[in-house]
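Structural overview for review
Below, each chain spelled out in residue letters.
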Amino acid sequence: ILKKLNLNEIALLKTCLQKKKISFDYYEDINHLSKEQYNQLRDIVCDELIKNGFSINGEINDYGKKLEDLIDSLGRFFL
């Protein structure tokens, strides 16, 4: 099965990278990275999930659900 990120996932990933002031160019061919690069991306998205993916009462919000899906998608490239 060919694994690829969809346009929404790529846009969300770019947002996470921009918040960390990391250039997306480093990950230019997003669908063909090393295991280490996918792990770096997952860590960046996990940080964003922890910071902004939960409401005040601790429940995951819609943004957090999208981040969780992106983490899962990134994991499929090497798990």
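The paragraphs below set out a description of the structure included in this document. (Residues numbered from 1 in each chain as written. Predicted model: local features only at pLDDT ≥ 70, side-chain atom pairs only at ≥ 80, totals over all residues. Heavy atoms only, no water.)

Observations regarding the overall build of the protein
Of the regular secondary structure elements, the protein holds three helices and zero strands. Its helices and strands taken in sequence order, the protein reads α-α-α from the N to the C terminus. Here the C-alpha atoms of the protein give a radius of gyration of 12 Å, agreeing with the 12 Å that 2.2 N^0.38 yields for 79 residues. In terms of its C-alpha atoms, the protein occupies a principal-axis envelope of roughly 40 × 30 × 20 Å. Out of the 79 residues in the protein, the part that is buried amounts to 38%. Within the protein, contacts between residues separated by at least 24 positions form 57% of all contacts whose residues are at least 6 apart in sequence. Working note: accessible area of the protein is about 5,400 Å², and carbon and sulfur atoms make up 51% of it. (Helix = DSSP H or I, 4+ residues; strand = E, 2+ residues; numbered from the N terminus. Rg over C-alpha atoms; globule rule 2.2 N^0.38 Å. Buried < 20%, exposed > 50% of the residue type's maximum accessible area, 1.4 Å probe, protein only. Contact = heavy atoms within 4.5 Å. Areas by Shrake-Rupley, 256 points an atom, 1.4 Å probe, with all protein chains shown as cover.)

Digging into the nonpolar core
Formed by 21 residues in total, the largest nonpolar core has its most connected members in L5, L13, I30, L41 and V45. Counting residues per element, the ones that place at least two in this core are α1 (7-19), α2 (35-52) and α3 (62-75). Excluding residues that lie within four positions of it along the chain, L5 makes contacts with I10, L13, I30, N31, L70, S73, L74 and F77. (Core = buried A, V, L, I, M, F, W, Y, C linked by side-chain atoms within 4.5 Å.)

Some remarks on α1
Here α1 is 13 residues long and its end C-alpha atoms lie 19 Å apart, about the 18 Å a rise of 1.5 Å per residue gives. Every buried residue belonging to α1 is among E9, I10, L12, L13, C16 and L17, and all of these are buried. Along the axis of α1, the buried residues cluster in a sector spanning 165°; they form a single face. Within α1, the exposed residues directed more than 90 degrees away from the buried face are L7, N8 and Q18. Here the buried face of α1 lies against α2 and α3. One side-chain oxygen at the N-terminal end of α1 lies 3.0 Å from the backbone nitrogen of N8; it belongs to N6. Positive backbone phi, approximately 60°, marks K21, located one or two places after α1. (Expected span 1.5 Å × (residues − 1). Arc of directions from axis to C-beta. Polar contact = N/O pair within 3.5 Å; in protein donor to acceptor, adjacent residues only side chain to side chain.)

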